[in-house]
Amino acid sequence: MLHSLVYESQSGLQTGEYVNRKTASYEWKWVDFDSPAEDEKKVLESDFSFHPLAVEDCFQDLQRPKLDGYGDHNFFVLHTLDPHTLEKGEIDVFLKEGVLVTYHKKPSSVIEKVKEQVKQRPERYDEAVILHKILDQVVDAYFPIIYSIEDQINDLEDNTNDLSMEDMLEELFDRRSELLRMRQTIHSMRDMVYRMLYTHDLENVYEHKEYFRDIYDHLLKVSDMIASNREMTQDIRDSNLSMTSHRQNKTMQFLTVVSMIFLPLTFIAGVYGMNFAYMPELQYQYSYFIVWALMIIMAFAMIVFFRKKGWFD
Amino acid sequence: MLHSLVYESQSGLQTGEYVNRKTASYEWKWVDFDSPAEDEKKVLESDFSFHPLAVEDCFQDLQRPKLDGYGDHNFFVLHTLDPHTLEKGEIDVFLKEGVLVTYHKKPSSVIEKVKEQVKQRPERYDEAVILHKILDQVVDAYFPIIYSIEDQINDLEDNTNDLSMEDMLEELFDRRSELLRMRQTIHSMRDMVYRMLYTHDLENVYEHKEYFRDIYDHLLKVSDMIASNREMTQDIRDSNLSMTSHRQNKTMQFLTVVSMIFLPLTFIAGVYGMNFAYMPELQYQYSYFIVWALMIIMAFAMIVFFRKKGWFD
Amino acid sequence: MLHSLVYESQSGLQTGEYVNRKTASYEWKWVDFDSPAEDEKKVLESDFSFHPLAVEDCFQDLQRPKLDGYGDHNFFVLHTLDPHTLEKGEIDVFLKEGVLVTYHKKPSSVIEKVKEQVKQRPERYDEAVILHKILDQVVDAYFPIIYSIEDQINDLEDNTNDLSMEDMLEELFDRRSELLRMRQTIHSMRDMVYRMLYTHDLENVYEHKEYFRDIYDHLLKVSDMIASNREMTQDIRDSNLSMTSHRQNKTMQFLTVVSMIFLPLTFIAGVYGMNFAYMPELQYQYSYFIVWALMIIMAFAMIVFFRKKGWFD
Amino acid sequence: MLHSLVYESQSGLQTGEYVNRKTASYEWKWVDFDSPAEDEKKVLESDFSFHPLAVEDCFQDLQRPKLDGYGDHNFFVLHTLDPHTLEKGEIDVFLKEGVLVTYHKKPSSVIEKVKEQVKQRPERYDEAVILHKILDQVVDAYFPIIYSIEDQINDLEDNTNDLSMEDMLEELFDRRSELLRMRQTIHSMRDMVYRMLYTHDLENVYEHKEYFRDIYDHLLKVSDMIASNREMTQDIRDSNLSMTSHRQNKTMQFLTVVSMIFLPLTFIAGVYGMNFAYMPELQYQYSYFIVWALMIIMAFAMIVFFRKKGWFD
Amino acid sequence: MLHSLVYESQSGLQTGEYVNRKTASYEWKWVDFDSPAEDEKKVLESDFSFHPLAVEDCFQDLQRPKLDGYGDHNFFVLHTLDPHTLEKGEIDVFLKEGVLVTYHKKPSSVIEKVKEQVKQRPERYDEAVILHKILDQVVDAYFPIIYSIEDQINDLEDNTNDLSMEDMLEELFDRRSELLRMRQTIHSMRDMVYRMLYTHDLENVYEHKEYFRDIYDHLLKVSDMIASNREMTQDIRDSNLSMTSHRQNKTMQFLTVVSMIFLPLTFIAGVYGMNFAYMPELQYQYSYFIVWALMIIMAFAMIVFFRKKGWFD
Ligand SMILES: [Mg+2]
Ligand SMILES: [Mg+2]
Ligand SMILES: [Mg+2]
Ligand SMILES: [Mg+2]
Ligand SMILES: [Mg+2]
Ligand SMILES: [Mg+2]
Ligand SMILES: [Mg+2]
Ligand SMILES: [Mg+2]
Ligand SMILES: [Mg+2]
Ligand SMILES: [Mg+2]
Ligand SMILES: [Mg+2]
Ligand SMILES: [Mg+2]
Ligand SMILES: [Mg+2]
Ligand SMILES: [Mg+2]
Ligand SMILES: [Mg+2]
Ligand SMILES: [Mg+2]
Ligand SMILES: [Mg+2]
Ligand SMILES: [Mg+2]
Ligand SMILES: [Mg+2]
Ligand SMILES: [Mg+2]
Ligand SMILES: [Mg+2]
Ligand SMILES: [Mg+2]
Ligand SMILES: [Mg+2]
Ligand SMILES: [Mg+2]
Ligand SMILES: [Mg+2]
Ligand SMILES: [Mg+2]
Ligand SMILES: [Mg+2]
Ligand SMILES: [Mg+2]
Ligand SMILES: [Mg+2]
Ligand SMILES: [Mg+2]
Ligand SMILES: [Mg+2]
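Conventions we followed
- Residues numbered from 1 in each chain as written.
- Chains lettered and ligands numbered in written order.
- Predicted model: local features only at pLDDT ≥ 70, side-chain atom pairs only at ≥ 80, totals over all residues.
- Heavy atoms only, no water.
- Helix = DSSP H or I, 4+ residues; strand = E, 2+ residues; numbered from the N terminus.
- Rg over C-alpha atoms; globule rule 2.2 N^0.38 Å.
- Buried < 20%, exposed > 50% of the residue type's maximum accessible area, 1.4 Å probe, protein only.
- Contact = heavy atoms within 4.5 Å.
- Areas by Shrake-Rupley, 256 points an atom, 1.4 Å probe, with all protein chains shown as cover.
- pLDDT = per-residue confidence, 0-100.
- Least-squares fit on C-alpha atoms with pLDDT ≥ 70 in both.
- Axes fitted to C-alpha atoms, helices over the stretch in contact; angles between N-to-C directions.
- Parallel < 35°, antiparallel > 145°, perpendicular 65-115°, else oblique.
- Nonpolar A, V, L, I, M, F, W, Y, C, P; charged D, E, K, R; others polar.
- Buried area = accessible area lost by both parts, 1.4 Å probe.
- Salt bridge = Lys/Arg side-chain N within 4 Å of Asp/Glu carboxyl O.
- Polar contact = N/O pair within 3.5 Å; in protein donor to acceptor, adjacent residues only side chain to side chain.
- 1 Å grid on protein atoms, 1.4 Å probe; cavity = no way out; pocket = protein on both sides within 12 Å on 5 of 7 lines; lining within 4 Å.
- Points joined across faces, edges and corners; volume = space filled by probe spheres on them.
- UniProt positions renumbered as here; feature names shortened; annotations may be inferred.
- Pairing = 2+ DSSP bridges.
- Expected span 1.5 Å × (residues − 1).
- Donors = N, O, S within 2.8 Å, 3.2 Å for Na, K, Ca; no water.

(A) Summary view of the overall build of chain A. Looking only at helices and strands, one finds 10 helices and seven strands in chain A. Taking 2.2 N^0.38 as the reference for a compact globule, 313 residues should give roughly 20 Å; the C-alpha atoms of chain A span a radius of gyration of 36 Å, well beyond that estimate. With respect to the three principal axes, the spread of C-alpha positions in chain A is 125 × 40 × 30 Å. Here chain A holds 313 residues, and the buried ones make up 54% of them. For chain A, contacts bridging at least 24 residues in sequence account for 63% of all contacts bridging at least 6. Carbon and sulfur atoms form 50% of the exposed surface of chain A, whose accessible area is close to 14,100 Å².

(B) The arrangement of the confidence of the model for chain A in detail. On average, residues of chain A score 89 in pLDDT, and 98% of them reach the 70 mark or higher. Here the predicted complex carries an ipTM of 0.76, next to a pTM of 0.80.

(C) Spotlight on the relation of the copies chain A and chain C. Mapping chain A onto chain C leaves a residual RMSD of 0.1 Å; the transformation is a rotation of 72° accompanied by 0.0 Å of translation along its axis. Given the turn and translation reported, the copies of this chain are related as if by a five-fold rotation axis. No C-alpha of chain A approaches the rotation axis more nearly than that of glycine 273 of chain A, which lies at 4.5 Å. Interface overlap between copies is the fraction of interface residues in one copy that are interface residues in the other; for chain A against chain C it is only 12%, indicating separate surfaces.

(D) Broad picture of the packing of helix α7 (residues 165-198) of chain A against helix α9 (residues 209-271) of chain C. With their axes 10 Å apart at the nearest point, α7 of chain A and α9 of chain C run at an angle of 175° to one another. Considering the angle they form, α7 of chain A stands roughly antiparallel to α9 of chain C. For the contact of α7 of chain A with α9 of chain C, the class distribution of residues is eight nonpolar, seven polar and nine charged.

(E) A look at the interface of chain B and chain A. Listed as interface residues are 52 residues of chain B and, on the opposing side, 45 residues of chain A. Both sides of the chain B and chain A interface together cover about 4,600 Å² of buried area, and 63% of this is carbon and sulfur. Interface area lost by chain B to chain A is led by Arg64, Phe173 and Tyr288 of chain B, which between them contribute 15%. At the boundary of chain B and chain A, one finds eight salt bridges. Note that aspartate 238 of chain A is salt-bridged to arginine 237 of chain B, the shortest N-O span being 3.3 Å.

(F) Spatial organisation of the side chain of arginine 64 of chain C. Topologically, arginine 64 of chain C is positioned in the loop between α3 (52-59) and β4 (66-70). A distance of 3.3 Å separates polar atoms of two side chains, one belonging to arginine 64 of chain C and the other to serine 188 of chain C. One polar contact links arginine 64 of chain C to aspartate 224 of chain E, side chain to side chain, over a distance of 3.0 Å. What arginine 64 of chain C contacts, discounting residues up to four positions off in sequence, is Val77 and Ser188 of chain C together with Asp217, Leu220, Lys221 and Asp224 of chain E.

(G) Looking closely at empty space enclosed by the protein. Considering all chains together, one arrives at eight cavities of 30 Å³ or more under this definition. Every residue along the wall of the largest cavity is listed here: Lys221, Asp224 and Met225 of chain D together with Gln63, Arg64, Pro65, His79, Lys88, Gln184, Thr185 and Ser188 of chain E. Elements with a minimum of two residues in the lining of the largest cavity: α9 (209-271) of chain D together with α7 (165-198) of chain E. Classifying every residue of the lining of the largest cavity by side-chain character gives two nonpolar, five polar and four charged.

(H) Local environment of the UniProt feature "transmembrane region" (unreviewed entry) in chain A. Residues and elements named next belong to chain A. Mapped onto the present numbering, the UniProt feature "transmembrane region" (unreviewed entry) falls at residues 254-274 and 286-306. Taken as a whole, residues 254-274 contains 86% helix and 0% strand, while its terminal C-alpha atoms sit 32 Å from one another. Helix makes up 95% of residues 286-306 and strand 0%. Its end C-alpha atoms lie 30 Å apart.

(I) Seen up close, the interface of chain A and chain C. Taken together, the contact pairs 52 residues of chain A with 45 residues of chain C. Across the chain A to chain C interface the summed buried area is about 4,600 Å²; carbon plus sulfur atoms make up 63%. The largest share of the area that chain A buries against chain C comes from Arg64, Phe173 and Tyr288 of chain A, three residues that together contribute 15% of it. Applying the counting rule to chain A against chain C returns eight salt bridges. With a shortest N-O distance of 2.8 Å, arginine 230 of chain A and glutamate 231 of chain C are connected by a salt bridge. Where chain A touches chain C, the interface holds 15 residue pairs in polar contact (both at pLDDT 80 or more).

(J) Structural context of the relation of the copies chain B and chain A. By a simple turn and slide, chain B fits onto chain A: the slide is 0.0 Å along the axis, the RMSD is 0.1 Å, and the turn is 72°. The residues that chain B uses at the interface reappear at the interface of chain A in only 12% of cases, marking distinct surfaces.

(K) Up close: the sheet that holds strand β3 (residues 28-34) of chain B. Residue and element names in this part refer to chain B. As summarised here, the arrangement of the seven strands in space is β2-β1-β3-β7-β6-β5-β4, forming an open sheet in which the pairing is mixed. The open sheet terminates on both sides in strands that have one partner only, identified here as β2 (12-17) and β4 (66-70). Neighbour-to-neighbour, the strand axes of the sheet open up by a mean angle of 15°, direction not taken into account. In this structure, strand β1 (residues 2-8) lies alongside β2, joined through six bridges in antiparallel fashion.

(L) Here's a closer look at the pattern of salt bridges. Applying the stated rule across the entire model yields 88 salt bridges over all chains. One salt bridge in this structure joins arginine 213 of chain A and aspartate 68 of chain B, with 3.4 Å as the shortest N-O distance. Of the two residues, arginine 213 of chain A sits in helix α9 (residues 209-271) while aspartate 68 of chain B sits in strand β4, which places them in two different chains. Across the pair, exposure class does not vary: arginine 213 of chain A and aspartate 68 of chain B are buried alike.

(M) Inspection of helix α5 (residues 127-140) of chain B at higher detail. Residues and elements named next belong to chain B. Between its terminal C-alpha atoms α5 stretches 20 Å, which fits the 20 Å expected from 14 residues at 1.5 Å a residue. Across the 14 residues that make up α5, a large majority, 12, are buried. At the N-terminal end of α5, a side-chain oxygen is found 3.0 Å from the backbone nitrogen of alanine 128, two or three residues along, and the residue is aspartate 126.

(N) Quick look at the pairing of strand β3 (residues 28-34) of chain D. All names here are of chain D. Counting buried positions over the seven residues of β3 gives seven, a clear majority of the element. The alternating pattern of β3 places Trp28, Trp30, Asp32 and Asp34 and Lys29, Val31 and Phe33 on opposite faces, both of which are buried. Pairing of strand β1 (residues 2-8) with β3, which is carried by six bridges, proceeds in the antiparallel orientation. The partner of histidine 3 across the bridge, within β3, is aspartate 32.

(O) Spatial organisation of the coordination of the magnesium ion (ligand 20). Within the first shell, the magnesium ion (ligand 20) binds the protein through Asp214 of chain B (OD) and Asp57 of chain D (OD), at distances of 2.1 to 2.2 Å. The metal-metal distance between the magnesium ion (ligand 20) and the magnesium ion (ligand 10) is 4.8 Å. Of this pair, aspartate 214 of chain B sits in helix α9 (residues 209-271) while aspartate 57 of chain D sits in helix α3 (residues 52-59), which puts the two residues in different chains. Relative accessible area serves as the criterion here: at 5%, aspartate 214 of chain B is assigned to the buried category.

The following block contains the structure:
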């Protein structure tokens, strides 16, 4: 479907399905290609004279967020992130004096929200302000995602959910790859908004510079949070692994030390279990008790020795 | 509460609650929004014509330290750090020719200290000098924090508190995450002061350039200290972990080597404990003593062999 | 073989083996040195007056992708990657007003594809557009390679092929070195296209700036993917290694704990296997059953104790 | 003590304690504040009109090496390193047309050496040349320190002193933290000299540019050496740790394999030590010898099997 | 020895020992200080008026490769690498309009090779072309070194020489430190040639810009190879270590699991080896066989259980 919002100061906002009426006068016009059918796609080339490379990028899905200037019009690729799956969605935008064209293969809640806002007070908008609102919505939607990841990482730090080591490692790995995937998107978006601010080509953006800088600020913050959360996950993993391995080593050492105590005792018992015909000790009346005493003394001596060595700590 | 400090060269400094008196002439005026009530907040928009984005940032808490120019006024976000919890506090500042507005949701000791200083010698101040004093206090307060972290790290290095490995690892982890959180704040503050110095928009700051450069110096030093302390914690952790794991491995090796000595001896004792009807050795008179001699010789031989192999080191 | 494509607006495209006809007028000319014989190589120097350093680089194979300006002509080294072996192929290009010369030691599918396209609609091309097409084909061929590596890494992440740890480590190592080798090529290509865009020497490239920027975009994307895939492999390896080592440690601990239970029991059995003439316990009627009871109680006590210590988890 | 060296081309060099004689004419003057008393400190503010921030920095000890311009005078903080303790010393320098003021809390051998040189040929100096000599001495003193650290690291690499693993790890850690501390100083010094070279404020430095660039070279070299020595320590530690841990693992494996051989043998001996009334094997004449044979065959079989598995390597 | 090559277009090239003949006219002159004696060294200062700092750097050996401008002459420090020992050699070069002076403490094969080339076709050279040839020879000599290191690393990757783990680790460590040392030299050389290209001081270099850019290319390539080979060694080490440690852990686990099977069996044998007067089982006729059956069943049960747990993999 191709939606059209045309604003003229006298007659106000006209909304409806897009029809190509060249003669119509307007102050600004926003055409939204919402999951366009194959024949609707062609309108991009026939009615608006956009650059074929930009149109090609619209149809493809491989794009990084970016800004391309093509003389009288500019082309933007924006990436949304699905809060649940972190899947990327693409919104392509063409900006021209008085004209804004948005293009998205799937219905977009961001675009719908902005449409609602525009319909309520159309006189406050123009093509650059609408672009700002779309960008603002896209970027605002990153925050709940990064906050949720950060909360999960903080939970992992204190291990509030009392996870086993294996589950914690898996959780950390998943958080890390989410941050990695998110970083790719955020860095490209950040670079794009930076270029919007400091390229003097974009006159209508330049007029609302403060507003786009506000978005840039938000992207900087998200990107900072991603970086320090990735470092945090590494710290948590390193710290937990070394703690656990250290504890296991200590347990093993304790067990080995204890087993050491039984080795000579069992050996002695073995010796007096031998069946030699002539073993003088076997005949003495107190031999058995002496051997018991000997074994107890040996055990004590070893415990004292090992404790001194610090092998029981 | 909204405090107001108005200075006029003839009548001197007038302090009190803020009232909007447009006609009053003054050399400079400082209005402090100290934990303002909901209706007091509106004064920001009604009496001063600050940019809505700056006002919005005032009310939010998500901000990174930053500097935004809005034509005739500039907006600053400063971050204080609580020396005990390392929690961030925010002080928002509006700077305009002759006017300084500070805004903070909670009472701020930094602001109170500066007020006292200003009241004592108001003739030495103007809006930029007051801003410098506030920044100076905020930044000076970072030092005790980083010094305290550094002291704790130095204690960990020498293990002056004789901590167990587990406690040391936990301490190191905590120091590292404190440094991580602190770094986020310090880097943003540093970038902001850098922009203050090299953006030529800020005329009244430019006049006192040396003073702001002095603050920049301090931020550079804190940021250096954070970086090298983080490296230090990593060195300490790596060094301790490898030392401990090496020691434990050596202990395990020692124990295993010792247990090796008893294995063949216990086997021999087992052999002569068998109950076969016809075992010729059992009948000889000196068998028992020969077996003892054999076992002692074997033990010695093994000890010599293992020592040679270096397995007792 | 030296192929020649000469275009003149009136007579159209002339193709065939290259012959040096100086007087011929043309709009543009493309000469392709396809696996040239030794004597054909000399044509580069005799018929075109290319700089000796550029010609030398043509004949060598050590080159990084690069762009060298030599006054009236420019020299490009492009690298193709074999999708199966990741081996580098080299295409050398000379660009001059109206003249394009390509040079490759082995037959090149990229060049053949572009030739086909040019032959179909020669009027749409000139020397810079042909260069763009060649570059576009070279860069497009990187994508299936990086996508295939990424797919393999994703399979490794979920271990869909149920590999043993050893095979997984080997797979990861191979993916990592493929990414390393690919990165070398992609970074040099990226830097070269960047220089094409921002060096104002290249007039005929400059006219088609948008098209070369489109290629630059693609190279940026490949280079991003290489970086995050390398990080991903590291994450997978770290995560798997720590998981496995943790699991093995736990198994070892379990086994050691179990063996601990038998140590004192076996010792007691050894004691009552001794052959002393006077061992009062041996004569009592219920001794045997008491010892059994004792051993069972000891085993239970130890199991309870170890479970409490968490050594069975 | 405040030393004064005043040079006038006619009367030559006048040295002695500093006295404020405003009328005296001179070509250049060097005043050295050598461990000044509290009242001597005030001279900095009373006699020379240096900027209060610079004077404040003189009195503090927190400073990083740096260069601050204050209109007609510049302020430098230089850091010396004690060759034995690596403790930082501070020399503060004020440079003004015709005037050099140095300030240090403790007696400085560097300053004394330069004084001697100046006294011998005062006609060759001016305030900038003296500053160069001081810097040159400070920087030359870094070399023996980094050379000594490098020598110690090279000794550790070959383990010429035959250190135990623990001592080597401790040595490496100490070298690393020395390099870390040294790096902080050298980087700041390097940045300062870089600014001296490329800030056009410093006219009298600019005249002797080659001489200051020579010092910059030396600082680059020290900073390179620090970086590669830190990498070297990491390589040595990693290499030694993995070597040692690999060796210990192999020892453990050998021991475990050997103990494996005795397990079934001891079990068999145990079986024939049982006291059942009816155990047919016990009565046969050759049972004992058959069991011995069996045990020897089993041992051999296991040794062959384990050797095949490579568990004895 | 001081060699002199003087070229004049009419009389051609004059070679021989250097004599100071001021009046002689020439187009260019190359004086080579080949392992100069103490008195020959002085010629540098007496006959050519080179800057004392440059002369000082000639006599010292501490220098990094670098380029210093001193008004009418430039000073270069070049580093050669010995292909066998990787030891650094230094060639110092002074470049002046029409004059080239080279200085090296030891005989230099690079210099000799260039001399031969110059003697054959002196009309093709001037002072800058000779400098280019020297640099070209120095840089070309880096390639066999890095190729040889790369080959050795590739051999280590496939372990073609079937090295033990210890030897491989030592080899990798040695390759890594060679790369580290080489990197220091190559980076400084690269930075120096970069400065030659983009400093507009060097007029005679500027005329042959393409030739020096060709050398820069080679240095970039060497520096890329060093970086990726260092990453490669790290990958190989990590991969091998984790593979080996994983294999050893598995062996240990297998051995421990096997020993687990004998523990209860040996315990049972011990129980029925006890000498209690009243042990009813001992008297039953089939007890012995029942116990054997029991032990075999237990062993099987444990094997099944452990296999299920995956402890035999
Ligand atoms: Mg595209
Ligand atoms: Mg698209
Ligand atoms: Mg927003
Ligand atoms: Mg946090
Ligand atoms: Mg990840
Ligand atoms: Mg905002
Ligand atoms: Mg907003
Ligand atoms: Mg706020
Ligand atoms: Mg301060
Ligand atoms: Mg201060
Ligand atoms: Mg310290
Ligand atoms: Mg942390
Ligand atoms: Mg200062
Ligand atoms: Mg070349
Ligand atoms: Mg080639
Ligand atoms: Mg393409
Ligand atoms: Mg992925
Ligand atoms: Mg690799
Ligand atoms: Mg394309
Ligand atoms: Mg200061
Ligand atoms: Mg000081
Ligand atoms: Mg020096
Ligand atoms: Mg060395
Ligand atoms: Mg350290
Ligand atoms: Mg020097
Ligand atoms: Mg010197
Ligand atoms: Mg030299
Ligand atoms: Mg060469
Ligand atoms: Mg390779
Ligand atoms: Mg190394
Ligand atoms: Mg060459």
